[in-house]
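So the chains spell out like this:
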Amino acid sequence: QIELHVVDERVARLAPRALGLGFSPRVPSRDFVDLLLGEGAVPMATARKLTLSRVPLDPEAAGWLGATLNFPSLRSLRLCENRLQPPSPAPLLNGRALAALRALMIQGSDIGDDGARAVAKAPCAPILESLTLQQAKLTADGAAALAEGDPFPARTHLDLNWNDVGAKGLERLV
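Residues numbered from 1 in each chain as written. Predicted model: local features only at pLDDT ≥ 70, side-chain atom pairs only at ≥ 80, totals over all residues. Heavy atoms only, no water.

1. Notes on the overall build of the chain
Note the following rule: A run of H or I in DSSP counts as a helix once it spans at least four residues, and a run of E counts as a strand once it spans at least two, with each numbered from the N terminus. Classification of residues uses two cut-offs on accessible area relative to the type maximum, computed with a 1.4 Å probe and protein chains only: under 20% is buried, over 50% is exposed, and between them is partly exposed. The criterion used for residue contact is that any of the two residues' heavy atoms lie within 4.5 Å.
Along the chain, the regular secondary structure elements total eight helices and six strands. For the chain, the succession of helices and strands along the chain, N to C, is β-α-α-α-β-α-β-α-β-α-β-α-β-α. Of all 174 residues assigned to the chain, the portion counted as buried reaches 49%. Look at the contacts in the chain between residues 6 or more apart in sequence, and 79% of them connect residues 24 or more apart.

2. Some remarks on the packing of helix 6 (residues 112-121) against helix 7 (residues 140-147)
Applicable threshold: Helix axes use the C-alpha atoms of the stretch in contact, all axes being lines fitted to C-alpha atoms, and the angles between their N-to-C directions lie in the range 0 to 180 degrees. Reported orientations rely on four angle classes, namely roughly parallel under 35 degrees, roughly antiparallel over 145, roughly perpendicular from 65 to 115, and oblique for the rest. Three classes are used, and their members are as follows: Ala, Val, Leu, Ile, Met, Phe, Trp, Tyr, Cys and Pro are nonpolar, Asp, Glu, Lys and Arg are charged, and the others, Gly among them, are polar.
Look at helix 6 against helix 7: their axes get within 8 Å of each other, and the N-to-C directions meet at 5°. If you check the angle between helix 6 and helix 7, you find them roughly parallel. Of the residues in helix 7, those in contact with Asp113, Ala116, Arg117 and Ala120 of helix 6 are Asp141, Gly142, Ala145 and Leu146. Of the residues in the contact of helix 6 with helix 7, the class split is four nonpolar, one polar and three charged.

3. Some points on the packing of helix 7 against helix 8 (residues 166-173)
In contact at an axis separation of 8 Å, helix 7 and helix 8 are set at 5° when each is read in the N-to-C sense. What the angle tells us is that helix 7 and helix 8 run roughly parallel. Mapping the contact onto sequence places Ala140, Ala143, Ala144, Leu146 and Ala147 in helix 7 and Lys168, Gly169, Arg172 and Leu173 in helix 8. Broken down by class, the residue content of the contact of helix 7 with helix 8 amounts to six nonpolar, one polar and two charged.

4. Some points on the pattern of salt bridges
Operational definition: Criterion for a salt bridge: a side-chain nitrogen of Lys or Arg within 4 Å of a carboxyl oxygen of Asp or Glu.
In total, this model carries three salt bridges according to the counting rule given. Taking the shortest distance from any N to any O, the salt bridge between Glu129 and Arg102 comes out at 3.8 Å. With Glu129 in the loop between helix 6 and strand 5 (130-134) and Arg102 in the loop between helix 5 (89-93) and strand 4 (103-107), this pair connects stretches of sequence that are 27 residues apart. Using a relative accessible area of 38% as the deciding quantity, one classes Glu129 as partly exposed.

5. Side note on the nonpolar core
To be explicit about the condition: To qualify as a nonpolar core, a set must consist of buried Ala, Val, Leu, Ile, Met, Phe, Trp, Tyr and Cys residues joined through side-chain atoms within 4.5 Å.
The biggest cluster of nonpolar side chains holds 37 residues, and the ones touching the most others in it are Leu104, Leu133 and Leu146. Considering each element in turn, this core owes the most residues, four residues, to helix 4 (residues 59-68). Not counting the four nearest positions on each side in its chain, Leu146 is found in contact with Ala116, Leu131, Leu133, Leu138, Pro151, Phe152, Arg155, Leu160 and Leu173.

6. Focus: the side chain of Gln107
Put simply, the rule is: Counted as a polar contact is a pair of N or O atoms within 3.5 Å, where, for protein atoms, one must be capable of donating a hydrogen and the other of accepting one, and residues adjacent in sequence contribute only when both atoms are in side chains.
Turning to its location among the elements, Gln107 is positioned in strand 4. Within the structure, the side chain of Gln107 is placed 2.9 Å from the side chain of Gln134, a separation counted as a polar contact. In contact with Gln107, not counting residues within four places along its chain, are Leu79, Cys80, Glu81, Gln134 and Gln135.

7. Re the pairing of strand 4
Filter applied, for reference: Strand pairing is assigned whenever DSSP detects at least two bridges linking the two strands. The definition of a right-handed crossover adopted here requires that, viewed with the strands pointing away, the path from the first strand over the helix to the second runs clockwise.
In terms of residue burial, strand 4 counts as a mostly covered element, since four of its five residues are buried. Inspection of the sheet shows strand 3 (residues 76-80) paired to strand 4 by five bridges, in the parallel sense. Within strand 4, the position partnered with Leu79 by the bridge is Ile106. Looking at chain direction, strand 4 and strand 5 are connected through five bridges and run parallel. Of the residues in strand 5, the one forming a bridge with Met105 is Thr132. Crossover handedness for the path strand 4 to helix 6 to strand 5: right-handed.

Encoded structure:
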């Protein structure tokens, strides 16, 4: 079982060099992800957990990552302080290879209510057991999107700390 942790793009750029994949000090975010996660970089078929912290994922990079990831065994995805903004979560989570995901954590990214809607519509939503959206700039509308139609029947854990969902939002979730 492989666990891949990428913390801070500047530090993680050393990983491709260590893997013999080359190195450029000015690698844009998308190219960095390609170097690290591209074909032959790491045996992703057996990866169970992936953590990307402080690796900028603009909408283009998030979409590319969602379209190219091949993580059939991935059960846990942690995205921390990646500057995700709508519509970034949607193309990332709609990747076919994340369909087995059981735990999703998005922390410190301004995905907002549109991001919550994207999470609720993701192919992995029905089997997610743990969902954490901390510091995601959610409001009562985002909480309503997470509750509408019970898109998370397997969920046993929900963490919305540091969001302003208010009493109406909490009411919808309970």
